[in-house]
Amino acid sequence: MKWLDEPQDEAERLVREGLDLAKHRLGDELMHRRVWAKVAEAVEMPEPRSKRRWVWTSAAATLLAAAGLFAYVRFYRVTSLPTPTVATNPTPSTAPLPGTSASTAIGSGTEVVPLESERAPGHVIRTREGERVRVALGGGATAELEEKSSMTWDSQHRPAIEKGIAHLAVPHQPPGWRFSVTAGPYVVTVVGTKFEVHVSNRTVGVDVTEGVVEVWRNSHATRLAAGESWDGPLYPDEAASASSEAAASASSAAPERPQPLPATAKPLSSVTARSLQEAETALQAGDAAKAVEILSRTAQGTGPAAENAAYELGHITRYNLNRPRQAVALWDKYRNRFPNGLLRTETDLSIVETL
Amino acid sequence: MGPNQYTKTPLPGPTVIADTELVQACRGGDVVAWRSLYDRYAPLVHRFASALGVPAEEREDAVQDIFIAVFRSLKHFRGEAQLSTWIYRIAARHAIRLGRRRRARETMRVTMMKEKTPIVTDPSERSTQLATLDRMLGKLPPKKRTVLVLFEIEGLSAKEISDVVGCPENTVWSRLHHARSEMVKAARRMAS
């Protein structure tokens, strides 16, 4: 029995009838359809669970694959290359030739000489007349020796062009690596490029096809961009004295070209070169902070020294201080300061690698 | 008249099992289940909102807001109460909130604009009894009104009402008793 089923008066009847009528106030079909349309629009319908699971599974698989790839790239490099140091070469990935002796004679025609382990200092590769040989140098670099050329490895395991012409192709080096090749008293340092080194009885020459190289002698350096050439005397000290004699007697005892610098090449001042050398020494001693300090000071200046230091700052920050974000910022700064800098390509590549 | 003498109309709509299955399907993202749930409970929500004094021009939006709240919080529904009870709880809170805002607006209008509150009538409801009932329900405080509506119109038991409004069953009975008395008094005043 309901409340007020038997009303006592008109008021109670009014209440009961009102309550009974209110039970049928359910809204019309049209209004409900309208509301549903709005509700369905407002509420973002979740995807079916199976679909969501598939999305999560694929996302997890992608992440795993990315992590695997990263680990492979990262640890492959770490295990296949020795501890990186600036201005030294990657260890060749092959073993010494059987019966490593003072020299190795090469057969005629261009061929790849397989190296099976680190080259012993003093080991020599020579080509005879009509012979050409391609030598794997490690780190993906190759040297193609022309006829009547010889190549050896110095005490720091750097390849050294003793005589003749060597065409070198150096791929972009792994993070932290610089590739160096010596020619007489000069050290040619690159990050990734193609160039040619030729050593005659009296002169050493470098022709750059791609990239940027630096030719160092003691604390003096000359930077060469693609298309530029440089040559200097094989024996600079003798050349210096000979040139003074030549000035007096105009005799032919002087070197063919006493250390001329190409018009486009940018020499680094000795003070700057010394600063860079100091920074490098500090870095090799493990004092990255000191290297950064020296380079920061140098980078505040102008010219190629500042440019070089600005690039190196990013390099050290990335690979020695292990601060990739800060390194990218420093390289960005370099790009803004030197939009057409010689190390612009290297900077771009370094940023891409870091990112 | 003791509590046991009260009777209630049977709860319209689905069984508990069907609701449980519907909730599971909705949680699984079944759009058809969402629509079924809406179709099942939209009329009830509309009726409940009407009885709680949501005016006709706001009713459609109110139902919409209530269902959006239901859909968004369905993942938190633990199944301890009936689905209908849970939906009534959301609807009651929303309707009371709307009523509070409406009263605040009316007070502002009266005090600031010196305007008399217009009597809102539902053009679709031509029934005089319904209009009279709304006026009588409007005299009740929200808590008593909610209990009366849930019991007399929605047909919920005292236990279910206590779940909806969050108070003990005895309080429900007490509020219902007072609400009924006040309703009859208001009706008598209006009739005279």
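Residues numbered from 1 in each chain as written. Chains lettered and ligands numbered in written order. Predicted model: local features only at pLDDT ≥ 70, side-chain atom pairs only at ≥ 80, totals over all residues. Heavy atoms only, no water.

**Some points on the packing of helix α6 (residues 142-153) of chain B against helix α7 (residues 158-165) of chain B**
All names here are of chain B. The N-to-C vectors of α6 and α7 enclose an angle of 140 degrees; their axes lie 10 Å apart at closest approach. As judged from the angle between their axes, α6 and α7 are oblique. For the element pair α6 and α7, the recorded crossing hand is right-handed. Mapping the contact onto sequence places T146, V147, L150 and F151 in α6 and I161, V164 and V165 in α7. Per-class residue counts for the contact of α6 with α7 are six nonpolar, one polar and no charged. (Axes fitted to C-alpha atoms, helices over the stretch in contact; angles between N-to-C directions. Helix = DSSP H or I, 4+ residues; strand = E, 2+ residues; numbered from the N terminus. Parallel < 35°, antiparallel > 145°, perpendicular 65-115°, else oblique. Left-handed = near helix turned anticlockwise from the far one by under 90°. Contact = heavy atoms within 4.5 Å. Nonpolar A, V, L, I, M, F, W, Y, C, P; charged D, E, K, R; others polar.)

**Overview of the nonpolar core**
Soluble globular proteins tend to pack their nonpolar side chains together in the buried interior. Counting 68 residues, the largest nonpolar core has L37, F67, F71, L83 and M183 of chain B as the members making the most contacts within it. Examining the composition of this core, we find that 11 residues originate from one element, helix α2 (residues 31-51) of chain B, more than from any other. When sequence neighbours within four positions are dropped, the list of residues in contact with F67 of chain B reads V39 of chain A together with L37, Y38, Y41, A42 and V45 of chain B. If you look at the next biggest cluster of nonpolar residues, it comprises 30 residues, including A143, A166, V208 and V215 of chain A. (Core = buried A, V, L, I, M, F, W, Y, C linked by side-chain atoms within 4.5 Å. Buried < 20%, exposed > 50% of the residue type's maximum accessible area, 1.4 Å probe, protein only.)

**Quick look at the pairing of strand β14 (residues 229-233) of chain A**
Residue and element names in this part refer to chain A. Among the five residues of β14, four are classified as buried, and the element is accordingly described as predominantly covered. Relative to β14, strand β11 (residues 203-210) runs antiparallel, the two being bridged by five bridges. By the bridge assignment for β14, V206 is matched with W230. (Pairing = 2+ DSSP bridges.)

**Describing the packing of helix α7 (residues 303-319) of chain A against helix α9 (residues 344-354) of chain A**
All names here are of chain A. The N-to-C vectors of α7 and α9 enclose an angle of 20 degrees; their axes lie 11 Å apart at closest approach. One element, α7, and the other, α9, form an angle in the roughly parallel class. In this structure, α7 crosses over α9, and the sense of that crossing is left-handed. Residues Y311, R318 and Y319 of α7 lie in contact with α9, whose contacting residues are E346, T347, S350, E353 and T354. Of the residues that constitute the contact of α7 with α9, the class distribution is two nonpolar, three polar and three charged.

**Describing the interface of chain A and chain B**
When the parts of a complex come together, some accessible area is lost, and that lost area is often used as the size of the interface. Each partner contributes residues to the interface: chain A has 35 residues there, and chain B has 41 residues. Each partner contributes to the roughly 3,600 Å² buried at the junction of chain A and chain B, and carbon and sulfur atoms together form 67% of this total. Its salt-bridge partner being E12 of chain A, residue R188 of chain B comes within 3.0 Å of it at the nearest N-O pair. On the surface where chain A and chain B come into contact, there are 10 residue pairs in polar contact (both at pLDDT 80 or more). For the side of chain A that touches chain B, the leading source of residues is helix α1 (residues 10-22) of chain A, giving 10 residues. (Buried area = accessible area lost by both parts, 1.4 Å probe. Salt bridge = Lys/Arg side-chain N within 4 Å of Asp/Glu carboxyl O. Polar contact = N/O pair within 3.5 Å; in protein donor to acceptor, adjacent residues only side chain to side chain.)

**Here we look at α9 of chain A**
Residues and elements named next belong to chain A. Inspection of α9 places E346, T347, S350, I351 and T354 among the buried residues, and these make up the whole buried set. Buried residues of α9 fall within an arc of 135 degrees about the axis and therefore sit on the same side. For α9, the exposed residues set more than 90 degrees away from the buried face come down to T345 and V352. Buried residues along α9 sit against α7 and α8 (324-337). (Arc of directions from axis to C-beta.)

**Describing the confidence of the model for chain A**
Residues and elements named next belong to chain A. The predicted model of chain A has a mean per-residue pLDDT of 71, with 70% of residues at 70 or higher. Counting contacts from residues 77-112, a segment whose pLDDT is below 50, to residues more than four positions away or on other chains yields 98 contacts. Throughout residues 246-268 the model reports pLDDT below 50, and contacts reaching past four residues in sequence, or to other chains, amount to 42 contacts. (pLDDT = per-residue confidence, 0-100.)

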